[in-house]
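Coordinates in review
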Amino acid sequence: MEDGTFKSLGYCESTMDDDDYDVRQWDVREDCEVRQILDRIADKWSLLVIALLDCQSLRFTQLRREIDGISQRMLSVTLRQLERDGLVSRTVHPVVPPRVDYALTPLGRTLHQTIKSLVTWTEAHQEEIAAARAAYDARREMMET
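Residues numbered from 1 in each chain as written. Predicted model: local features only at pLDDT ≥ 70, side-chain atom pairs only at ≥ 80, totals over all residues. Heavy atoms only, no water.

Looking at the packing of helix H3 (residues 44–52) against helix H5 (residues 72–84)
Between H3 and H5, the shortest axis-to-axis distance is 10 Å and the interhelical angle comes to 70 degrees. In this view, H3 runs roughly perpendicular relative to H5, as classed from their interaxial angle. Across the interface between the two elements, Trp45, Ser46, Val49 and Ile50 from H3 touch Met74, Leu75, Thr78, Leu79 and Leu82 from H5. A per-class count over the contact of H3 with H5 returns 7 nonpolar, 2 polar and no charged. (Axes fitted to C-alpha atoms, helices over the stretch in contact; angles between N-to-C directions. Helix = DSSP H or I, 4+ residues; strand = E, 2+ residues; numbered from the N terminus. Parallel < 35°, antiparallel > 145°, perpendicular 65-115°, else oblique. Contact = heavy atoms within 4.5 Å. Nonpolar A, V, L, I, M, F, W, Y, C, P; charged D, E, K, R; others polar.)

Structural notes on the pairing of strand E3 (residues 99–104)
Sheet topology note: the strand E1 (residues 58–59)/E3 ladder contains 2 bridges and is antiparallel. Bridge assignment links Arg59 to a residue of E3, and that residue is Asp101. Of the strand pairs in this sheet, strand E2 (residues 88–93) and E3 are connected by 6 bridges, and their pairing is antiparallel. Looking at the pairing, Thr91 lines up with Asp101 of E3. (Pairing = 2+ DSSP bridges.)

Overview of the layout of surface pockets
In this model, the largest pocket occupies a volume close to 200 Å³. Lining of the largest pocket is provided by Leu38, Ile41, Ala42, Leu47, Leu111, Thr114, Ile115 and Leu118. Counting residues per element, the ones that place at least two in the lining of the largest pocket are helix H2 (33–41) and helix H6 (106–144). Among the elements that take part in the lining of the largest pocket, H6 stands out by supplying 4 residues, more than any other. Across the lining of the largest pocket, the residue classes tally to 7 nonpolar, 1 polar and no charged. As a volume, the second largest pocket reaches approximately 150 Å³. Along the walls of the second largest pocket sit Ile37, Ile41, Asp85, Leu87, Leu107, Thr110, Leu111 and Thr114, which together make up its complete lining. Listing elements by their share of the lining of the second largest pocket, those giving two or more residues are H2 and H6. Grouping the constituent residues of the lining of the second largest pocket by class yields 5 nonpolar, 2 polar and 1 charged. (1 Å grid on protein atoms, 1.4 Å probe; cavity = no way out; pocket = protein on both sides within 12 Å on 5 of 7 lines; lining within 4 Å. Points joined across faces, edges and corners; volume = space filled by probe spheres on them.)

What about the environment of Ile70?
Tracing the backbone shows Ile70 in the loop between helix H4 (60–66) and H5. What makes Ile70 buried here is its relative accessible area of 6%. With 25 residues separating them in the primary sequence, Ile70 and Trp45 have C-alpha atoms 7.5 Å apart. Setting aside chain neighbours within four positions, we find Ile70 in contact with Trp45, Arg64 and Leu75. (Buried < 20%, exposed > 50% of the residue type's maximum accessible area, 1.4 Å probe, protein only.)

So, the pattern of salt bridges
The tally for this structure, following the rule as stated, stands at 4 salt bridges. Linking Asp39 and Arg35 is a salt bridge whose minimum nitrogen-to-oxygen distance equals 3.8 Å. Here the residue Asp39 and the residue Arg35 both occupy positions in helix H2, the gap between them amounting to 4 residues, near one helical turn. The residue Arg99 makes a salt bridge to Asp101 at a minimum N-O spacing of 2.7 Å. (Salt bridge = Lys/Arg side-chain N within 4 Å of Asp/Glu carboxyl O.)

Listed below in C-alpha cells is the structure:
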C-alpha cells in the first residue's frame, strides 16, 4: 500500500498501541470512523440518554421529560443515531396507542461504564478545575486592564 493511502474511506489505524498513538490520526480526517463515533457519543444529548438508560428502559416521553432542554426532534435524532450505532435498542409493543421502549444494549452498557468513569473523574477534580478557571480569569482580567 502506498504512503498516504488507506484501506477504505472509513479506515483509521488502530489507536490501541500506546507507543504509536497519535491523536491526529483521527482528528484531521473527517471520514475516519473513530472520529465519527467519538463525535456521536461525546455530544451532550447522547451522554445524557446513555446515562438515563443505564438501569432501566424508558419511553420516549420519559426521556424527553428527564432531559432538560432537548427538543422532540433532537431526541428522535439522538435515539436513532444511538440505535444505528448499536448502543440503544428500540422495542415497539403492539398495543394501542403504540408504546416504544428504549434501552441500552450490552455494547451501550460497556460505554456507560466509561462515561461513569469520566463523570467520577470530573467530580473528583471539579474543585481543582474551578480554582484553575478562577486563576486564569484573574490573570486575563489583569492583562486587559
